[in-house]
Amino acid sequence: MLLQPFYDPLKTYEENYEQGPFGAFADHQIFKDEGEPQYEFLGRKVFAPFGIPAGPLINSNFVKAAFEKGFDICVYKTVRTRAKKVNEWPNILPVKVRGDLTLEQAQKGLVVKKGFTEPLAITNSFGNPSFSVDVWQQDIADVIKWANGHPGKFVSGMIEGTRWGANFTENDFLKDWVLAARLMNGTKVHGIEANFSCPNEGNLVKRLLCYDIAQSQRIADAIKNEIGNTPLVIKVSYFQSDDELRSLVKELGRIVDGISAINTIPSAVLDENGKQALPGGPWRLKSGICGAPVKWAGLDMVERLKFLREELGMKFAIIGVGGVMSVDDYHQYVESGADAVMSATGAMWNPFLAQEIKKAIK
Ligand SMILES: Cc1cc2nc3c(=O)[nH]c(=O)nc-3n(C[C@H](O)[C@H](O)[C@H](O)COP(=O)(O)O)c2cc1C
């Protein structure tokens, strides 16, 4: 059953930022964990290795509300080194998908559906907006202070380097990543996640960063040098090629503390008349698809990452993301090899998902 979402797709991003969260996240009733936190996640104890990935937690009010409802690992939505505007509303639309969203289906494009109904599949297209650094640094510092006063909470801050113009060189891009890492580390956040997989970057990007292994390696290395002991997680998309995934793990697996997979699966999204569904230029034709039909891809990546980690004798944590809507989905991820599991779409429409999982794993 779908409950009222804590991020309201019918409202603008700004309205959500100012008035949210909504539904049960707004009642501030605190779920009380029993005993001591038993699970370890990147050097900190949590009550359950479960949380919400970068996306729907757009500011400290959302992160605190998620902690109150029992989500122990929360990722603050992606921020940048300068302010950047959000894409035009709507930023979330429901899409029709029957069964798993295969890559062939995604290639052909998808059509929107009328309401947010099960099986829940959505597209999200925000363009990773950011407030200015002083705003997000203060906001994240506030939530860290709160989390440090409560046992078993892990706050991760998601960063993204930006090509701030056509003249930006690859070196400028790398420096922007390092600056973002330094600014995020300044908040004393528990962990930093680097978004190597944003599908909504517009026309400046030809290929997702995570598929450019050499560039990813340079950036991860530079970030890790900057942040020292703060854990670093990279977020990647689905890899079709085993060779490319092997090369990613080989080159980055000893630099990073965790790999999170997957981000969304990109697809063209059309309205019922076959026209581009999201307003804006042609760069907005394609956007990321998430929810129930992408679970297969997250599970597949987790299994392959686990295999490679063993084969290459590495230690990075595996964070399974994609299509987690239920306690069963959580179990499937853990059985596939995830050290921690996260849900964005499922959690949005079920604010009690963490509590259901905690009850099941007690
Ligand atoms: C509303 C929304 C916003 C998102 N924004 C981001 C983001 O800023 N950065 C990011 O790396 N992923 C973002 N994502 C992707 C999620 O972190 C996740 O990888 C993806 O949605 C798959 O998980 P799910 O099926 O549980 O939604 C967003 C997802 C949603 C639903």
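Details of the structure are given in the entry above.
Residues numbered from 1 in each chain as written. Predicted model: local features only at pLDDT ≥ 70, side-chain atom pairs only at ≥ 80, totals over all residues. Heavy atoms only, no water.

## Points about the packing of helix 9 (residues 327–336) against helix 11 (residues 353–361)
Here's step 1: Between helix 9 and helix 11, the shortest axis-to-axis distance is 9 Å and the interhelical angle comes to 65°. The way helix 9 lies across helix 11 gives a crossing that is right-handed. Between helix 9, through V327, Y330 and H331, and helix 11, the contact on the second element is made entirely by L353, E356, I357, A360 and I361.
Here's step 2: Residue composition of the contact of helix 9 with helix 11, grouped by class: six nonpolar, one polar and one charged. (Axes fitted to C-alpha atoms, helices over the stretch in contact; angles between N-to-C directions. Helix = DSSP H or I, 4+ residues; strand = E, 2+ residues; numbered from the N terminus. Left-handed = near helix turned anticlockwise from the far one by under 90°. Contact = heavy atoms within 4.5 Å. Nonpolar A, V, L, I, M, F, W, Y, C, P; charged D, E, K, R; others polar.)

## Let's talk about the packing of aromatic side chains
Given two aromatic rings, one states the distance between the centres and the angle between the planes to describe the pair.
Here's step 1: Across all of its chains, the model carries 18 aromatic pairs by this definition.
Here's step 2: With a centroid separation of 6.3 Å and an interplanar angle of 70°, the aromatic rings of F173 and W177 are classed as edge-to-face. Residue F173 and its partner W177 are located together in helix 5 (residues 170–185), separated by four residues, close to a single helical turn. The pair F173 / W177 is uniform in exposure class, with both members buried.
Here's step 3: With a centroid separation of 4.9 Å and an interplanar angle of 75°, the aromatic rings of Y211 and F239 are classed as edge-to-face. Note that Y211 is positioned in the loop between strand 9 (191–195) and helix 6 (213–227) and F239 in the loop between strand 10 (232–236) and helix 7 (242–252), a separation of 28 residues in sequence.
Here's step 4: A relative accessible area of 1% places F239 in the buried class.
Here's step 5: Sitting over the face of the ring of F126, K77 holds its NZ or CZ atom 4.6 Å from the ring centroid.
Here's step 6: Here the guanidinium or amino end of R163 rests over the ring plane of F173, the centre of that ring lying 3.9 Å away. (Phe/Tyr/Trp six-rings, centres within 6.5 Å; stacked < 30°, edge-to-face > 60°. Buried < 20%, exposed > 50% of the residue type's maximum accessible area, 1.4 Å probe, protein only. Lys NZ or Arg CZ within 6 Å of the ring centre and 35° of its normal.)

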